[in-house]
Amino acid sequence: MSAVSDRLPTFPWDKLEPYKKTAAAHPDGIVDLSVGTPVDPVPELIQKALIAAADSPGYPTVWGTPELRDAITGWLERRLGARELTHRHVLPIVGSKELVAWLPTQLGLGPGDKVAYPRLAYPTYEVGARLARAGYEVYDDPRELDPTGLKLLWLNSPSNPTGRVLDKAELTRILAWAREHGVLVFSDECYVELGWEADPVSVLHPDVNGGSYEGIVAVHSLSKRSNLAGYRAAFLAGDPAVLGPLLEIRKHGGMMTSAPTQAAVVAALGDDIHVREQRERYAARRAVLREALLEHGFRIEHSEASLYLWATRDESCWATVSHLAERGILVAPGDFYGTAGEKFVRVALTATDERVRAAVARLAG
């Protein structure tokens, strides 16, 4: 076991524990804006679908029910403008983090292969490469990468942590470059329904991919848009030549979403009302937190989408974490996401309205 664990970096969130204790000592309690975990209730129609499917004694299938695949393709066409999708173009997964961590291994990557991801990025992209013993590198513009040995290119728009959105023209250029060099593209689009000052577009849109899914796969999650982080509900969509082998591998590995969760996802993807309601909650929290941070002396960059504000006081991120912890507010240090974030903090919008009001009051004090 140590041989595997030794490949991995120190789990970053452990470093935050002393600051969490400081923030928790505030007389009015902690306001935890560090982890983007949903705090609002699971919509009732989704809970009802889960409960109705609770009597599920048999094994679910890795590919999911036909109803689930119909729900996924229908949502992709309705919401993201994808065209001519079949069941072969989709694959349910057990939460998106599982997929990110194990994708290089499931693709058969190893020593001599390279995985690339944004310079500021979700740490699990690196973890996935390390688990597979593959090489990894970061980029500002992926078209500047040396494509030699590059087998997997991660895109992330809207970005975690920065909230940056790649527009249609940028995505089109990147896909053209990747196809020219035979590089497989996986696009992490888990925040696609949370655009504020930009309207995120998917690599599945025909204006981006030219009407072909060759060499591209999009990753989608219901954790944020439907408050289903506890359900572990996500899916892939794109090139059947990639998803077909992944399905076979995942069958052998028993990587199946529970039957009640599959039923819940069908309900979630079929309803747009609860998504709009949740967006409104986040939009309201974002507006007041953004204003409070600016008035407190922060500068905010990007943050045009997703569930975070990417903020700086032009000092060490850990000095900022300490400054806010003394006010009972916990945020994530930017260097969790790469050295380029060493002067930034990531402020999540995932706190109750009452806790957000508390943070605003403390920042004003």
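S.K.: It is not clear to me how the sheet that holds strand β3 (residues 114-118) should be interpreted in this structure. Could you clarify?
M.R.: Across the sheet, which stays open at both edges, the seven strands sit in the order β2-β8-β7-β6-β5-β3-β4 with mixed pairing between neighbours. Of all strands in the sheet, those bounded by a partner on one side alone are β2 (90-93) and β4 (135-139). Neighbour to neighbour, the strand axes of the sheet diverge by 20° on average, direction disregarded. Lying over the sheet, helix α6 (residues 124-131) contacts β3, β4, β5 (150-156) and β6 (184-188), oriented at roughly 155° with respect to β4.

S.K.: Where do I start with the pairing of strand β10 (residues 308-312) in this structure?
M.R.: Looking along a regular strand, one sees side chains alternate from face to face of the sheet. The buried count for β10 comes to five of five residues, which makes it a mostly enclosed element. The side-chain alternation of β10 yields two buried faces, one formed by Y308, W310 and T312 and the other by L309 and A311. In this sheet, β10 lies alongside strand β9 (residues 299-301) in antiparallel orientation, the contact comprising three bridges. Opposite R299, over in β10, you have T312 as the bridge partner. With antiparallel pairing between neighbouring strands as the criterion, β9 and β10 make up a hairpin whose turn holds six residues, including H302 at a positive phi of roughly 50°. As judged from the five bridges shared by β10 and strand β13 (residues 344-348), these two strands associate in the antiparallel manner. Among the inter-strand pairings, L309 is bridged to a residue of β13, identified as V347.

S.K.: I'm lost on the sheet that holds β9 in this one. Help?
M.R.: By way of backbone hydrogen bonds, the strands of a sheet pair with one another, either parallel or antiparallel. Ordered in space as β9-β10-β13-β12, the four strands form an open sheet in which the pairing is antiparallel. Strand pairing shows two members of the sheet lacking a second neighbour, β9 and β12 (332-333), which therefore form its edges. In the packing of helix α11 (residues 273-295) onto the sheet, the strands contacted are β9, β10 and β13, and the crossing angle to β10 comes to about 5°.

Calculation criteria
- In every chain, residue numbers begin from 1 and rise along the written sequence.
- Two thresholds apply to this predicted model, a pLDDT of at least 70 for residue-level local features and 80 or more for giving and counting side-chain atom pairs, whereas whole-chain, interface and lining totals are computed over all residues.
- The side-chain figures draw on all heavy atoms in the structure; neither hydrogens nor water molecules are used.
- DSSP calls a pair of strands paired once it identifies at least 2 bridges connecting them.
- Under the DSSP-based scheme used, a helix requires at least four consecutive residues in state H or I and a strand at least two consecutive residues in state E, with every element numbered from the N terminus.
- Lines fitted to C-alpha atoms define the axes here, with helix axes fitted over just the stretch in contact, and angles between the N-to-C directions of these axes take values from 0 to 180 degrees.
- Whether two residues touch is decided by their heavy atoms; if any such pair falls within 4.5 Å, the residues are in contact.
- Remark: exposure states derive from per-residue accessible area (1.4 Å probe, protein chains only) relative to the maximum for the residue type, with buried under 20%, exposed over 50%, and partly exposed in between.

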